[in-house]
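# Chain and residue survey
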Amino acid sequence: MQNLLPTLMLAASTALLLMASTGLVARTVNSQRQPMIVAAALAPWLLAASLPAAVLAAAAQQWVAVAASAVLLATAIATQWPLYRAGMPWARATRRPRHRARQPAEPRLRPAGGRPLRVMQANILVGGADPHALAAAVDRLHIDVLTVCELTPQGLVRLLASRLPELLPYHYCSTGERGDGTGIWSRYPLSDTRRHDGFVTELLSARVELPDDPAPLVFAVHPVPPWPREPGDWLRELELLRQLLAKIPDGTGPVLVAGDFNATMDHRPYRALLDGAYRDAAVSAGAGILPTYAADRWYPAAIAIDHILLRDALAHQVHTVALPGSDHRGIWAAITV
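This report concerns the structure included in the present document.

About the thresholds
- Residues numbered from 1 in each chain as written.
- Predicted model: local features only at pLDDT ≥ 70, side-chain atom pairs only at ≥ 80, totals over all residues.
- Heavy atoms only, no water.
- 1 Å grid on protein atoms, 1.4 Å probe; cavity = no way out; pocket = protein on both sides within 12 Å on 5 of 7 lines; lining within 4 Å.
- Points joined across faces, edges and corners; volume = space filled by probe spheres on them.
- Helix = DSSP H or I, 4+ residues; strand = E, 2+ residues; numbered from the N terminus.
- Buried < 20%, exposed > 50% of the residue type's maximum accessible area, 1.4 Å probe, protein only.
- Arc of directions from axis to C-beta.
- Contact = heavy atoms within 4.5 Å.
- Polar contact = N/O pair within 3.5 Å; in protein donor to acceptor, adjacent residues only side chain to side chain.
- Pairing = 2+ DSSP bridges.
- Axes fitted to C-alpha atoms, helices over the stretch in contact; angles between N-to-C directions.
- Phe/Tyr/Trp six-rings, centres within 6.5 Å; stacked < 30°, edge-to-face > 60°.
- Parallel < 35°, antiparallel > 145°, perpendicular 65-115°, else oblique.
- Left-handed = near helix turned anticlockwise from the far one by under 90°.
- Core = buried A, V, L, I, M, F, W, Y, C linked by side-chain atoms within 4.5 Å.

### With respect to the layout of surface pockets
Considered as a void within the structure, the largest pocket measures approximately 860 Å³ in volume. If you go around the largest pocket, you meet 33 residues; those closest to its centre are Pro225, Trp227, Pro228, Asn262 and Tyr293. Looking at the lining of the largest pocket element by element, the count peaks at three residues for helix α2 (residues 34-41).

### Quick notes on helix α8 (residues 131-140)
Of the positions making up α8, those classed as buried are Pro131, Leu134, Ala135, Ala137 and Val138. Each buried residue of α8 lies within a common arc of 160° when the element is viewed along its axis, so the set occupies one face. As for α8, its buried residues are in contact with β1 (116-123), β2 (145-149), α9 (153-160), α10 (164-167) and β11 (314-321). Looking at where α8 begins, the residue whose side-chain oxygen comes 2.9 Å from the main-chain nitrogen of His132 is Asp130.

### Comments concerning the sheet that holds β2
Across the sheet, six strands lie side by side as β3-β4-β2-β1-β12-β11; this open sheet has mixed pairing. The open sheet has two edge strands with one neighbour each: β3 (170-174) and β11. Within the sheet, the average angular offset between the axes of one strand and its neighbour, ignoring direction, is 15°. Strand direction decides the pairing type here: β3 and strand β4 (residues 182-186), joined by five bridges, are antiparallel. Note that in β4 the partner of Cys173 across the bridge is Gly183. Against the sheet, α8 engages β1, β2 and β11, with an angle of about 160° to β1.

### A look at the side chain of Thr264
Examined against the element boundaries, Thr264 turns out to sit in the loop between β8 (255-260) and α12 (268-272). With residues up to four places along the chain from it excluded, the contact list for Thr264 reads Ala40, Ala41, Tyr270, Ile303, Ala304, Ile305 and His307.

### Some remarks on the packing of aromatic side chains
Per the counting criterion, the structure on display carries two aromatic pairs. With 5.4 Å between their ring centres and 80° between their planes, Phe261 and Tyr270 make a pair best called edge-to-face. Of the two residues, Phe261 and Tyr270, both sit in the buried class. Consider the rings of Trp298 and Tyr299, whose centres lie 5.2 Å apart with planes at 90°: the pair is edge-to-face. With relative accessibility at 80%, the residue Trp298 sits in the exposed group.

### A few points about the sheet that holds strand β10 (residues 306-311)
Spatial ordering of the open sheet is given by β5-β6-β7-β8-β10-β9, a layout of six strands whose pairing is mixed. Each edge of the sheet is formed by a strand with only one pairing partner; in this case those strands are β5 (190-196) and β9 (279-280). In terms of strand pairing, strand β7 (residues 217-221) meets β8 through five bridges, oriented parallel. By the bridge assignment, Ala220 is partnered in β8 with Ala258.

### Quick notes on unusual backbone geometry
Of note, the bond from Trp227 into Pro228 is cis; its omega dihedral lies within 30 degrees of zero at 10°. Counting through the fold element by element, Pro228 comes out in the loop between β7 and α11 (232-246). Here the amide bond leading from Tyr293 into Ala294 is cis, since omega sits at -5°, within 30 degrees of zero. Residues other than glycine seldom take positive phi values, yet Leu125 does so here, at roughly 50°. Note on placement: Leu125 falls in the loop between β1 and α8.

### Some details on the packing of helix α4 (residues 50-59) against helix α5 (residues 63-80)
Relative orientation of the contacting elements α4 and α5 amounts to 160°, with a least axis distance of 8 Å. With respect to α5, the axis of α4 lies roughly antiparallel. Between α4 and α5 lies a crossing whose hand is left-handed. Facing Ser50, Leu51, Ala53, Ala54, Ala57 and Ala58 of α4, the residues of α5 in contact are Trp63, Ala65, Val66, Ser69, Leu72, Leu73 and Ala76.

### A closer look at the nonpolar core
Within the largest apolar cluster, 25 residues are counted, with the highest numbers of intra-cluster contacts made by Leu117, Leu256, Ile308, Val318 and Ile335. Of all the elements in the fold, those that place two or more residues in this core are β1, β6 (203-208), β7, β8, α13 (281-284), β10, β11 and β12 (330-336). Not counting residues within four places of it along the chain, the set of residues in contact with Leu256 comprises Leu117, Val119, Pro216, Leu217, Val218, Phe219, Leu309, Leu310, Ala313, Ile335 and Val337. Ranked by size, the runner-up nonpolar core spans 24 residues in total, among them Ile37, Leu83, Tyr270 and Leu309.

### Notes on the pairing of β10
With six of its six residues buried, β10 lies for the most part within the structure. Taking every second residue as pointing to the same face, both faces of β10 are buried, with Asp306, Ile308 and Leu310 on one and His307, Leu309 and Arg311 on the other. Where β8 meets β10, six bridges bridge the pair, whose relative direction is antiparallel. Its bridge partner being in β10, Leu256 is matched across the sheet by Leu310. Bridging between β9 and β10 involves two bridges; their strand directions are antiparallel. Within the sheet, the bridge partner assigned to Arg279 lies in β10 and is Leu310.

Here it is in structure tokens:
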């Protein structure tokens, strides 16, 4: 048995090393195969297997396996470190100064060079999330702009019966019976409202008319999931969204893109959205991985698929928030436009 133990540890280390390798390959390649796309969604957890792989290989005194695990672990850290880098103390010290309210109820002061704005994204699970809990979160967090996914006609009626219209009196919505509806809610008037063709789910945009400031262009997006359906539409919609955002002329004001992208930072089609002027708010703030799905299980949410993208805006803090009755957590960002 004593002679068998090193063999068992090496076998376990090898299995963990294969898991980590799968995660690295999945996030690197631009695969159209569903298993690889699912593996990319789980890449941070698969990559984490390289640490116990190294420990077990060292315990078994298998130094080649230790070296392979160490290289993979270093590569894994290199892929995930950028998500946290801006939040490090030395990075925060070099960022532009900003106001931080000491208590949530205190009025927010306007920092030099921009207007503070709070943006939130909520997937309400085919209209089934608790509308009163959503309105309470909007009130507690002082949200100015809210995007909603999976908005059904019945879900819209429930939202209108809550305090949400009191808090965010302006809205532009397009509902759908099967969770393909979306909506934009705002503290400020909305203009230039548009519904964009070519997407299975509703993709909406509107300008938020801030007093005495350029009007940010806000998009509410919800590309179809790559699983359990075939990933062809998911790939097509993410590319179509990339082209749509790239065509917005420079100098036309800030752009905010919020929604359930059904994609993580480890999916190459999502990272392609960030190749130009757009930045993921959580990455810009150094908030790291913020899992939002699946939030209705006995275990914590594990996949970060809800995002807020920014152009000509600065993210200060990004967090998730519970949405009772939904299978997602919401995500919100305090930004300056």
